[in-house]
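Examination of the molecular architecture
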Amino acid sequence: MKFRILQNFLLFILLIVPVVVQAVIPVGYYNNAEGKKDAELKTALFTIIRPHTKLDYYPLSTTFRTTDWNPNGYFWDMYSSIQRSSWTGLNREHNLPKSWFGVSSEQVDNYEISTDVHNLYPSDATANSAKSNYPPGEVGTTSFDNGVFQVGTSNFTGYNGTVFEPADQYKGDFARDYMYMVTCYEDYSAVWQSLGTSSVLSRNTYPVFTTYGVNLLMKWHRNDPVSEKEINRNDAVYSLQHNRNPFIDHPELAEYIWGKYKGYAWSKDFEEPENDDNFYASYTPQTNLLHVNLKKPENAVFYIVTMSGIECLSGTFNASGNVNVQLKKGIYVLKVYTKTTRKTQKMVIY
C-alpha cells in the first residue's frame, strides 16, 4: 500500500514538474569540429557523422514506430494532418529526393544515402506524389494544397520553377535535414543531379548550396527553431544508425558554415553574441548604479575612460547587469567586453 502511494506521488510530481528535453549527445562527439570554420568546419562534421550503420530500406515502416511515432498514437506525418495509426495511406519519403543522389535507380537502395533515416520520413502518399523531386521553396500559385503541404510555382527570389513548401512548424525540420545531407554526404558533391543542381545544390563541397538554397534554408532554419520533436527523433535515429544531425544538436553550426558567423571558429561552448542594436547602459547618480541590458552581464568586463582616453574605472557586473560606481560630472566612454563582442557607449554625467 505504501509502495502504491509512493508510486502515485512520483507520478503526480512528474505531471506537475516541467520536463526539459535535452539531446543525448555522446561526450566528445563533436570534439574534432572544435576550432574549425567555414568549409573546414563542414568537412570536420562530415568525418564525424559519415560513418554510420546502414539500415535496411524496406522494413522502415517498423523503424518509423521508433523515430516518428507521435505520443498520441499515430505516425508523425509532416506532409499532412491525417493521423494514421497504421501504415495504410503512407509512403516512406526522402525529404531531399533520391533522384538527386547521382546513383542509378537500379542500385540506389543499396547505398547508405538512400536508407539514411535522418532523411526518410513517413509521408501522406498523395502529398508525396505531388512533391515529386521538386526543390523546397515558398509557393505563390498552388497546384496542390492539403492545408499542411503545398506544391506550386516558386515565390522566393532566385528560383521560379515548381517547388514544395511544408507548413511553417516543419520548415526548420526540412532545412536542417538538407544541411545534414549535404554534410554527411559531402563525398557525393560531384554527382548531385536533377533539379537540385539548378536550384538548391551545386556540385562542390562548399558552400554546396546555391545562393537561393542558402537564403531559403537559412530563413527556414532561423524562423522555425529546433523542436522537441526533432530532438527526440535525432536521439532515436542515433540509437539505430549511430550518427547524429549536428544542426539539431548545435543549430548555430548553420550560421558558422553558411550564415552570420562565417569566418569565425566554432566551439561547442558557443555563446550567442549580443545584439549591438539593442544594447544600452544607464547610470543613476543618486544610487551610483551602472546598469547594462546584456543577456549574460556576469560574463562581461567594463572599462570607463575619460574623453582623453584615461581609464578611471573597471570591473564586472552582477547577474542583474548592475554595478556600483562613483563618477564625477563629465563625459565618459563606457567599453563593455563580452566573450563574443565589444560594445562602446558615451556617458554624460550631470
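Residues numbered from 1 in each chain as written. Predicted model: local features only at pLDDT ≥ 70, side-chain atom pairs only at ≥ 80, totals over all residues. Heavy atoms only, no water.

A count of helical and extended segments in the protein chain gives 11 helices and 14 strands. In terms of overall dimensions, the protein chain has C-alpha extents of about 80 × 65 × 40 Å along its principal axes. The 350 residues of the protein chain split such that 47% are buried. Look at the contacts in the protein chain between residues 6 or more apart in sequence, and 64% of them connect residues 24 or more apart. Accessible surface, the protein chain as shown: approximately 17400 Å² in total, 51% of it carbon and sulfur. (Helix = DSSP H or I, 4+ residues; strand = E, 2+ residues; numbered from the N terminus. Buried < 20%, exposed > 50% of the residue type's maximum accessible area, 1.4 Å probe, protein only. Contact = heavy atoms within 4.5 Å. Areas by Shrake-Rupley, 256 points an atom, 1.4 Å probe, with all protein chains shown as cover.)

Let's shift gears to unusual backbone geometry. That bond from Y206 to P207 is cis: its omega, 10°, falls within 30 degrees of zero. Phi at D38 takes a positive value of approximately 50°, unusual for a residue other than glycine. Here D38 shows up in helix α2 (residues 38-49).

This part takes up the sheet that holds strand β8 (residues 281-284). Across the sheet, 3 strands lie side by side as β8-β9-β12; this open sheet has antiparallel pairing. Strands with a single pairing partner mark the edges of an open sheet, and in this sheet they are β8 and β12 (322-324). Averaged over all neighbouring strand pairs, the angle between strand axes comes to 20°, with direction disregarded. Pairing analysis gives 4 bridges linking β8 to strand β9 (residues 289-292), with the strands arranged antiparallel. Its bridge partner being in β9, S282 is matched across the sheet by H291. (Pairing = 2+ DSSP bridges. Axes fitted to C-alpha atoms, helices over the stretch in contact; angles between N-to-C directions.)

When the terminal C-alpha atoms of helix α6 (residues 168-184) are compared, their 25 Å separation across 17 residues agrees well with the 24 Å that a helix rising 1.5 Å per residue should span. Most of α6 is tucked away, with 15 of its 17 residues classed as buried. (Expected span 1.5 Å × (residues − 1).)

One side chain can pair with another of opposite charge once the charged atoms of both are near each other. Inspection of the entire model under this criterion finds 16 salt bridges. Note that D124 and R84 form a salt bridge whose closest N and O atoms lie 2.9 Å from each other. Here D124, found in strand β4 (residues 120-124), pairs with R84, found in the loop between β2 (74-75) and β3 (90-94); they are 40 residues apart in sequence, far enough to count as distant. The exposure classification of D124 matches that of R84, with both residues buried. Connected via shared salt-bridge partners are R50, E112 and D187. (Salt bridge = Lys/Arg side-chain N within 4 Å of Asp/Glu carboxyl O.)

On to the confidence of the model for the protein chain, then. Taken residue by residue, the protein chain gives an average pLDDT of 88. The fraction at 70 or more is 90%. In the predicted structure, residues 1-21 sits below a pLDDT of 50 and forms 3 contacts with residues beyond four places in sequence or in another chain. (pLDDT = per-residue confidence, 0-100.)

A word on the nonpolar core. One finds L45, M179, W192, L201, F209, L217 and W258 to be the most contacted residues of the largest nonpolar core, which totals 59 residues. Mapped by element, the contributors of at least two residues to this core are α2, α5 (125-131), β5 (139-145), β6 (149-154), β7 (162-166), α6, α8 (211-223) and α11 (253-258). The greatest single-element share of this core, amounting to 9 residues, is contributed by α6. Excluding residues that lie within four positions of it along the chain, M179 makes contacts with F209, L217, M218, H221, F247, A254 and W258. Formed by 18 residues, the second largest nonpolar core is a distinct cluster that contains L290, L294, F302 and M347. (Core = buried A, V, L, I, M, F, W, Y, C linked by side-chain atoms within 4.5 Å.)

Next up on the list: the sheet that holds β5. Sheet architecture is open: 3 strands sit in the order β5-β6-β7, paired in antiparallel fashion. The sheet terminates laterally at β5 and β7, the two strands that pair on one side only. Between one strand axis and the next, the sheet turns through 40° on average, direction left out of account. Bridging between β5 and β6 involves 4 bridges; their strand directions are antiparallel. In the sheet register, T142 faces β6, and the bridge partner there is G152.

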